[in-house]
Protein chains: 4
Amino acid sequence: MGFEKKEYEFLREIGLDSNNTGSFINGQWKSSGSVITSLNPSNNQAIAKVTEATIQDYEEGLHACSEAAKTWMTIPAPKRGEIVRQIGEALRSKLEHLGRLVSLEMGKILPEGIGEVQEIIDMCDYAVGLSRQLNGSIIPSERPNHMMFEVWNPLGIVGVITAFNFPCAVLGWNACIALVCGNCVVWKGAPTTPLITIAVTKLVAEVLEKNNLPGAIFTSFCGGAEIGQAISKDSRIPLVSFTGSSKVGLMVQKTVSERFGKCLLELSGNNAIIVMDDADIKLAVRSILFAAVGTAGQRCTSCRRLFLHESIYQSVLDQLVGLYKQVKIGDPLEKGTLVGPLHTRASRENFEKGVSIIKSQARKILIGGSVIESEGNFVQPTIVEISPDTPVVKEELFGPVLYVMKFQTLEQAIEMNNSAPQGLSSSIFTRRPEAIFKWIGPQGSDCGIVNVNIPTNGAEIGGAFGGEKATGGGREAGSDSWKQYMRRSTCTINYGSELPLAQGINFG
Amino acid sequence: MGFEKKEYEFLREIGLDSNNTGSFINGQWKSSGSVITSLNPSNNQAIAKVTEATIQDYEEGLHACSEAAKTWMTIPAPKRGEIVRQIGEALRSKLEHLGRLVSLEMGKILPEGIGEVQEIIDMCDYAVGLSRQLNGSIIPSERPNHMMFEVWNPLGIVGVITAFNFPCAVLGWNACIALVCGNCVVWKGAPTTPLITIAVTKLVAEVLEKNNLPGAIFTSFCGGAEIGQAISKDSRIPLVSFTGSSKVGLMVQKTVSERFGKCLLELSGNNAIIVMDDADIKLAVRSILFAAVGTAGQRCTSCRRLFLHESIYQSVLDQLVGLYKQVKIGDPLEKGTLVGPLHTRASRENFEKGVSIIKSQARKILIGGSVIESEGNFVQPTIVEISPDTPVVKEELFGPVLYVMKFQTLEQAIEMNNSAPQGLSSSIFTRRPEAIFKWIGPQGSDCGIVNVNIPTNGAEIGGAFGGEKATGGGREAGSDSWKQYMRRSTCTINYGSELPLAQGINFG
Amino acid sequence: MGFEKKEYEFLREIGLDSNNTGSFINGQWKSSGSVITSLNPSNNQAIAKVTEATIQDYEEGLHACSEAAKTWMTIPAPKRGEIVRQIGEALRSKLEHLGRLVSLEMGKILPEGIGEVQEIIDMCDYAVGLSRQLNGSIIPSERPNHMMFEVWNPLGIVGVITAFNFPCAVLGWNACIALVCGNCVVWKGAPTTPLITIAVTKLVAEVLEKNNLPGAIFTSFCGGAEIGQAISKDSRIPLVSFTGSSKVGLMVQKTVSERFGKCLLELSGNNAIIVMDDADIKLAVRSILFAAVGTAGQRCTSCRRLFLHESIYQSVLDQLVGLYKQVKIGDPLEKGTLVGPLHTRASRENFEKGVSIIKSQARKILIGGSVIESEGNFVQPTIVEISPDTPVVKEELFGPVLYVMKFQTLEQAIEMNNSAPQGLSSSIFTRRPEAIFKWIGPQGSDCGIVNVNIPTNGAEIGGAFGGEKATGGGREAGSDSWKQYMRRSTCTINYGSELPLAQGINFG
Amino acid sequence: MGFEKKEYEFLREIGLDSNNTGSFINGQWKSSGSVITSLNPSNNQAIAKVTEATIQDYEEGLHACSEAAKTWMTIPAPKRGEIVRQIGEALRSKLEHLGRLVSLEMGKILPEGIGEVQEIIDMCDYAVGLSRQLNGSIIPSERPNHMMFEVWNPLGIVGVITAFNFPCAVLGWNACIALVCGNCVVWKGAPTTPLITIAVTKLVAEVLEKNNLPGAIFTSFCGGAEIGQAISKDSRIPLVSFTGSSKVGLMVQKTVSERFGKCLLELSGNNAIIVMDDADIKLAVRSILFAAVGTAGQRCTSCRRLFLHESIYQSVLDQLVGLYKQVKIGDPLEKGTLVGPLHTRASRENFEKGVSIIKSQARKILIGGSVIESEGNFVQPTIVEISPDTPVVKEELFGPVLYVMKFQTLEQAIEMNNSAPQGLSSSIFTRRPEAIFKWIGPQGSDCGIVNVNIPTNGAEIGGAFGGEKATGGGREAGSDSWKQYMRRSTCTINYGSELPLAQGINFG
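Calculation criteria
- Residues numbered from 1 in each chain as written.
- Chains lettered and ligands numbered in written order.
- Predicted model: local features only at pLDDT ≥ 70, side-chain atom pairs only at ≥ 80, totals over all residues.
- Heavy atoms only, no water.
- Contact = heavy atoms within 4.5 Å.
- Buried area = accessible area lost by both parts, 1.4 Å probe.
- Salt bridge = Lys/Arg side-chain N within 4 Å of Asp/Glu carboxyl O.
- Polar contact = N/O pair within 3.5 Å; in protein donor to acceptor, adjacent residues only side chain to side chain.
- Least-squares fit on C-alpha atoms with pLDDT ≥ 70 in both.
- Axes fitted to C-alpha atoms, helices over the stretch in contact; angles between N-to-C directions.
- Helix = DSSP H or I, 4+ residues; strand = E, 2+ residues; numbered from the N terminus.
- Parallel < 35°, antiparallel > 145°, perpendicular 65-115°, else oblique.
- Left-handed = near helix turned anticlockwise from the far one by under 90°.
- Nonpolar A, V, L, I, M, F, W, Y, C, P; charged D, E, K, R; others polar.
- pLDDT = per-residue confidence, 0-100.
- Pairing = 2+ DSSP bridges.
- Buried < 20%, exposed > 50% of the residue type's maximum accessible area, 1.4 Å probe, protein only.
- Right-handed = clockwise from strand over helix to strand, strands pointing away.
- UniProt positions renumbered as here; feature names shortened; annotations may be inferred.

A. Seen up close, the interface of chain B and chain A. Between chain B and chain A, the contact holds 92 residues from the first and 92 residues from the second. The largest share of the area that chain B buries against chain A comes from Phe260, Glu460 and Phe507 of chain B, three residues that together contribute 12% of it. For the salt bridge of Arg488 of chain A with Asp480 of chain B, the shortest nitrogen-to-oxygen distance reads 2.8 Å. Our count for the contact surface shared by chain B and chain A stands at 42 residue pairs in polar contact (both at pLDDT 80 or more).

Take a look at the structure:
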């Protein structure tokens, strides 16, 4: 069968068709659930159809995955790294097509779509090296003829539930690390980005097949909350990595905790930029624009709150409003577009509702504040002058709305930054070392990401990505994030024939 | 006022009296709650009285502690280390008296009482060095003129809720690390070991005072569940370290999660020893004895399950039963005693109830199985032959009961070990490298502590202490446990004048 | 011009011809020195001709390299990693051809030739990940408003002088790490393996060119001692990595030290295998064979000394002699060959001289002991019964000669192992944990490589490769070897306005 | 026998007398060499007499030390840490007396004398924690049923040769680490500070004795070059830590290298401070004063070169000259003194000679330039205007002479800083992040210590102390300096029954 539009024909290059099976189970593509349609957010027209997974599909998948886990965990880590290297090569060979699909199905602009796929590739490259560095420790024992080890072993299976806004990069953060650590991966992509889920899974599946490995090492489902809940409840899955709202994340954590599983949570952000009086204003304004309107404000790291020093308040706002007026909104695949549509009609409605509440609480809407009438889900990037103690400012509205507030001192600005329940990302623009070091120190930003002279968004994979407080506390990608995907054993080995006790205790 | 018994007079040396104020609030000893009596588990007679804290006391304490946190976190870590060093010296100077108190109030034998205090001292010594090693990272950035940092900052306040069985060592594991990391500590000791709580707090308080530091840096409460709940709910306390049962721990976690706080949980263990056919039987038997009857089976790491290879099954059992017959049970302060009383009358009753259920499920009680009639809480160390699929074997009975089971192969033994919901400690006795390395590898024990040729109990502070699954996943003492007491920020600093984006994205 | 033999035509695929320019200088192939002929060790016939570098070529190369260093060190490390990734891909695409060349020019058997090239590829993959992990530290300062950093910066230029026996892997160990660390590389390959030097350089050069980077980042010379000395003396080269004999290494070190440069030395080994009475004899015998005759005994990690427990002495020797009789010696490119020729006619003569000395000192030559008359450089793998205090046993004879000695206790065996001046590699075969842990502990082997139940040779790249004592103390490949390729700065930054002093000193 | 002056009576408190035995050999004080007199640098009068060691004494000491090494290395590291803790306590109890002795015998002012002793105490405290963190690694192997370890073992004996300017702190840097690492220490103090050597050794000896450990674990000699050479040549000493001039250090390295031993060198510095146009001038001037005249310019980190931005050149110089005029020179034990005498009459003569050469090369001597006529070794703190290409500026003159130069750009200043052959310490004063990060980055200072807004001197123990280039490359105190005091083994353990080879090689 053919695609409805000729411009979708490129999808064949990455294994998609007008009708697609949405689950990769035990190395087979099969799915017996309802058929859904993936829509183009720019016009809400169909791209292709996908058959979702049922709970029976899930069970079959998990059964096979549990079996595959026994094999995968005994393969030496550097050999697992070689598989992940090949996955990276497979993705690299389809970078353009996959990036285009991300842009088409999610709605972000093409450079961001390609950037997102590049991020998984980067993660693969990184994980290859890591596969020889999942180091345990040999710790001096206080007892003669004893050695103490700290050993890291695979968990078995890692569940990954991702959100629409990064429909594949977040999978990459988790799966690349989880796989080299010796875990099988069970992935549930967002219900509204099934084509990306399928396309990425196909490339992984091919690599596994080429290496004569069980396909069930990577088990993947298109589906909704039912599959998500199954993962949360499943005691065969020691770790569930969940990306989404604080509200849903809290529910996931509760379910997983009850069975004494672990969660890795990447939840809501409510990210602020502080601009000091001495800042490089040009750099700051460009950064705010990228952070606030980029991805139509649908990054977890999008800037939602802007704190301006009173001395540069008006000047920055004037420049921002000027830029907002020129921002090109439109088809994300079109060259020059900076702002694409919101992801779904529901997001657009949510924006509308949000703005009407804002209007009741804000001082003034400086620009924007409306949806854009069209077939798609376009809305106007919006700047709002508001008081810091207003209730809406504490909440994450997932769209291009920027709250602007004024401050006098650095201490005030930090307090305002830290007053949100969320703790993902934050930035300061300043050229004073004392401000920089205060900002990153004990009395500075309480977020997981604390930037200086760059926007709140656009993290590199070498660092640990994640946030504190209502953002959930998980860390993904670089640094020692890999430890979350393994279990730690403290091992004391007595190779002598005596039994000395710790703390010099004498027993009997 | 005097103590009722002359033998309690040594308590004056560590600041105790027959009536004691149970809360250290804002640098003052004050308490307005009910008066409880601390009992000697050997005879259930009063040692001394303690006035517990009310919620009003708690509030006053936390208010002061929050203020003190602002000061403490800005003192350089090595200077905080110097304070912890002085605390260690203060404890060292009272080692014998404190150890005697632990033995008297908790009921463990004197060498174990002194060993427990030694463990806090060891933690202090360790934390001093650590105070110059709470290292962040400088990570290479992919962008020119950018540096990426991983910075560790204090959390502010750490709540520590400890249990009766290690009435002060667990405080030491947490507080020594928490303090050098820059956090104030709020401690609630067990309701039945208030004298230890007070005695340790007094020594800490003196050091703070001598250094002109706010006493509220270390805030301490004698009290019950009400204070525990207050800590769990208190959003001023970003981390709650809880030691206790899996059941209560789950409730604590739920409460703390709802306010997006973090938990460090040390919950139930159900620890097994495996004895292989090639084991050094003498070493194994001595270890089993220490692990199963030591501390009257009231360590979280006490051995509760014993898996014996069929070829040495009878021989090991015979030796064990022989040793059990000779074990001296009695006053823990008396020289030669190996098994003291259970901690409370309620523990004794719980043992009685437990044994009656066991009788209905077990094959045979080989020895023990009764309480010992006396004023105290003494019970008989008990060995039970039982089948591995019996329900009681999955549960932690907090007393000297050992379930014995037979196996044929290492794989079977590991499966039996891993079949418990808890995952704290585990040991194997063998002299075969392939068995040792399998045991500590991906297909081996799933516990947090995985020993070879030593018992399940008796951990050293240099390693990370804690367990997986229903044991809660926390890690205390050595290795990188300190990271749990700090918040991590990934900081990217742009010191150039350009704005390159990660993943090579080009925006606008 | 054509190759003399048709079977050399494959060399065209990797950029070689019958006449080759031997230096890559400032991104150009040029060379004005004498013309040498690369010989096939199997028949001493010409493979191809190479024009070597003069000192003038060297100067031109180093001048350009110094300039390129200024550029390369400012490129972000992960971007440098991307270049190394591409180098890995280039090598991977030519794996078979390069492996065949290594086998042809050096003389090792084809699986080893391919294995050697695979090792550089592995190093590239590893270095890519490492390029995001060249982490410095942020260390707590004892002074308020101060931060202490440990920063790692590039050295500038790293000189790499490699030996004939690993004509490209050793370059890989050094260059992959040196490059991601931000250094330019100056390579002098062995004078007798110029074709490999050229072929590898060509692949690197192509990658640099494709990325519009200065070719001088990788500067490569075919040449002899004159070029080596120039590198040693050149104060523009802060680090010289040298692989070769202890004698020459000591001279290099002296020269480099005098200009306060640093050396990374991989010198002679004199590696021993210990076989305990409880060893898996089959495993041991197979390992000894591989270690003693593999690469015709021309690995730095080749086993030269064999210590057999008296109880298994005769049995192991009998099995070994039996295997030696069957070992297929011949053309290393031919399937089934286990032992190829020595690398040069001079090596063969050296073997002959060595054996004649051995004869005067040994008890008995059990097998071998002669050169094999042919056009090539073949010699007989040789086993010698000898006393441990014989002078020849302390020296490295670079060929397939194995000295066998008897021992009674583990302590004796360790003492014999440690009695050599060299300290590269060592292995024990045993199944007793107490022997294993003693062997790797403070009273065990004093070598840099300490194996258990595997041969002395065949290291993985994830660990640090290198040896102690007369082996020179350098470490290459994995672990923290990368630190040797960078300079470390301890930085204390005062961002406050006060000047507190360390150790609480009060000045003025 | 009594001291000649009553004010020396305090020396009895730290075990000294008017005649002292200068070697601690095999746990005994004995010495058969010549008798020397320790002089007070303030008046060149005798403090006390010391009998130095002969080569025979040395041999006896080393023999015992070698034996003791076998014991000490098998004591668990945390137990060794406990010994070092007790050494720290012993020093702490004598802090004031020891500090006074340092001031008296070396000539530094009392706060610096006490600060120096505090530094050893800090090192002891630090080393205690470290004794549980001398961690090896468990590295993933690419082969099934293999584990790869990186193990750190003691070297055996560490020789420590210290200089007069830090007569005990440098011993502390080395010995505290060396001891917890499991090494015995052989110490040769400076010939002109024998009383400090003896006093410190006595405290260490007492701790060893109290713990029933062989005194030979710490072997100590008063003596001159003969003993130093014996240490350098002694192949029983795998590591020689030497502090002194680049010239002597190079000789030591040559001697030690010839026997394939290792050196840890802390040699000459020629340290510069850069003051940018935007600097906090007050902070800068105070820092320059401390760095240039503190310890009478006799720290290896003393500031000898000052680069001033042209815009603040005159102003800074005027302030400096003003301060130099007020600096109180005199008895270092007297309150208020900032500058004491040079250490010996020879140092004073050396200063005189140096100044006369300077006069021939400099533009102008702004202040100072003469010795001060007195019984003691006092000289005038001196400021010299000079051109950066003057020969004397490349050399270390060990006294309070400061060369001042002018610059226009940061790049110029860095180039001037890096133009010295030495590479120990360096500082910049600036408030611009771009300057700070450039300074600590690849194109910044090439020194081992790279400070911002603090002087060149006054390092904390938590970082690694040491320098590049002619400073010798060693690192002492914190970070991973401990690795230099241990030997590293890469261990691969095969616990299976197969023999897979690395790089997938198939042999036979």
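B. Focus on the relation of the copies chain B and chain D. When chain B is fitted to chain D, the best match, at an RMSD of 0.0 Å, comes from turning it 180° and sliding it 0.0 Å along the axis. The transformation just described matches what one would write down for a two-fold rotation axis. Within chain B, Gly129 of chain B has its C-alpha nearest the rotation axis, a separation of 2.1 Å. Most of the interface of chain B is mirrored in chain D, where 100% of its interface residues again form contacts.

C. Looking closely at the packing of helix α4 (residues 110–130) of chain C against helix α5 (residues 169–180) of chain C. Residues and elements named next belong to chain C. The geometry of α4 relative to α5 is characterised by a closest axis approach of 8 Å and an angle of 15° between their N-to-C directions. Here α4 is positioned roughly parallel relative to α5, judged by the angle of their axes. The two elements α4 and α5 meet at a crossing, and its hand is right-handed. Packed against α4, whose contacting residues are Glu116, Glu119, Ile120, Met123, Cys124, Tyr126, Ala127 and Leu130, the element α5 presents Ala169, Gly172, Trp173, Cys176, Ile177 and Val180 at the interface. Considered class by class, the residues forming the contact of α4 with α5 number eleven nonpolar, one polar and two charged.

D. Molecular detail of the relation of the copies chain B and chain A. Rotating chain B by 180° and moving it 0.0 Å along the rotation axis overlays it on chain A with an RMSD of 0.0 Å. Looking at chain B, 100% of its interface residues are interface residues in chain A too, so the copies touch through the same face.

E. Spotlight on the confidence of the model for chain A. On average, chain A scores 96 in pLDDT, and the residues at 70 or more come to 100%. Under the prediction, the complex receives an ipTM of 0.96, its pTM being 0.96.

F. Layout of the interface of chain B and chain D. At the junction of the two partners, chain B supplies 23 residues and chain D supplies 23 residues. For the pair chain B and chain D, the summed buried surface comes to about 1900 Å²; carbon and sulfur atoms form 61% of the total. Where chain B touches chain D, the interface holds six salt bridges. For Arg132 of chain D, the salt bridge identified is with Asp122 of chain B, shortest N-O distance 3.7 Å. Elements with a contribution of two residues or more to the side of chain B that touches chain D: α2 (77–93), α4 (110–130), β7 (146–154) and α13 (433–439) of chain B. Ranked by residues supplied to the side of chain B that touches chain D, first place goes to α4 of chain B with six residues. For the side of chain B that touches chain D, the residue count by class is eleven nonpolar, three polar and nine charged.

G. Local environment of the sheet that holds strand β1 (residues 19–21) of chain A. All names here are of chain A. What the three strands build is an open sheet, ordered β1-β5-β4; its pairing is mixed. A single partner strand is all that each edge strand has here, and the edge strands are β1 and β4 (35–40). Ignoring strand direction, the axes of neighbouring strands in this sheet form an average angle of 30°. By the bridge criterion, six bridges tie β4 to strand β5 (residues 45–51) in an arrangement that is antiparallel. Counted as the bridge partner of Asn40 is Gln45 from β5.

H. Representation of the pairing of strand β20 (residues 449–452) of chain B. Side chains Ile449 and Asn451 of chain B project from β20 of chain B onto one buried face, and the interleaved Val450 and Val452 of chain B project onto a second face that is buried too. Judged from the two bridges that link them, strand β24 (residues 486–494) of chain A and β20 of chain B form a sheet pairing that is parallel. In the sheet register, Thr490 of chain A faces β20 of chain B, and the bridge partner there is Ile449 of chain B. Looking at chain direction, strand β19 (residues 425–429) of chain B and β20 of chain B are connected through four bridges and run parallel. Bridge pairing in β20 of chain B places Ile428 of chain B opposite Val452 of chain B. Running through α13 of chain B, the crossover from β19 of chain B to the neighbouring parallel element β20 of chain B is right-handed.

I. Inspection of the environment of Ser360 of chain A at higher detail. Residue and element names in this part refer to chain A. With respect to the helices and strands, Ser360 occurs in helix α11 (residues 345–361). On the basis of relative accessibility, which here comes to 59%, the residue Ser360 falls in the exposed class. For the pair Ser360 and Val392, spaced 32 residues apart in sequence, the C-alpha separation works out to 10.0 Å.

J. Structural view of the environment of Leu134 of chain B. Structurally, Leu134 of chain B can be placed in the loop between α4 and β6 (136–139). Sequence separation between Leu134 of chain B and Asn457 of chain B is 323 residues; the distance between their C-alpha atoms is 28 Å. The residues touching Leu134 of chain B, leaving out its near neighbours within four places in the chain, are Ala77, Val180, Cys181, Trp482 and Met486 of chain B together with Ile138 and Pro140 of chain C.

K. Geometry of the UniProt feature "active site" (unreviewed entry) in chain A. Residues and elements named next belong to chain A. According to UniProt, the "active site" (unreviewed entry) feature falls on Glu266. Tracing the backbone through its elements, the reader meets Glu266 in strand β12 (residues 262–266). Beyond its immediate stretch of four places on either side in the chain, Glu266 contacts Phe242, Thr243, Gly244, Phe465, Gly466, Gly467, Thr471, Gly474, Arg475 and Glu476.

L. View of the pairing of strand β4 (residues 35–40) of chain C. Residues Ile36, Ser38 and Asn40 of chain C of β4 of chain C are buried on one face, while the alternating residues Val35, Thr37 and Leu39 of chain C, pointing to the opposite face, are not. Taken together, β4 of chain C and the strand that follows it, strand β5 (residues 45–51) of chain C, pair antiparallel across an intervening segment of four residues, in which Asn44 of chain C is found at a positive phi of about 55°.

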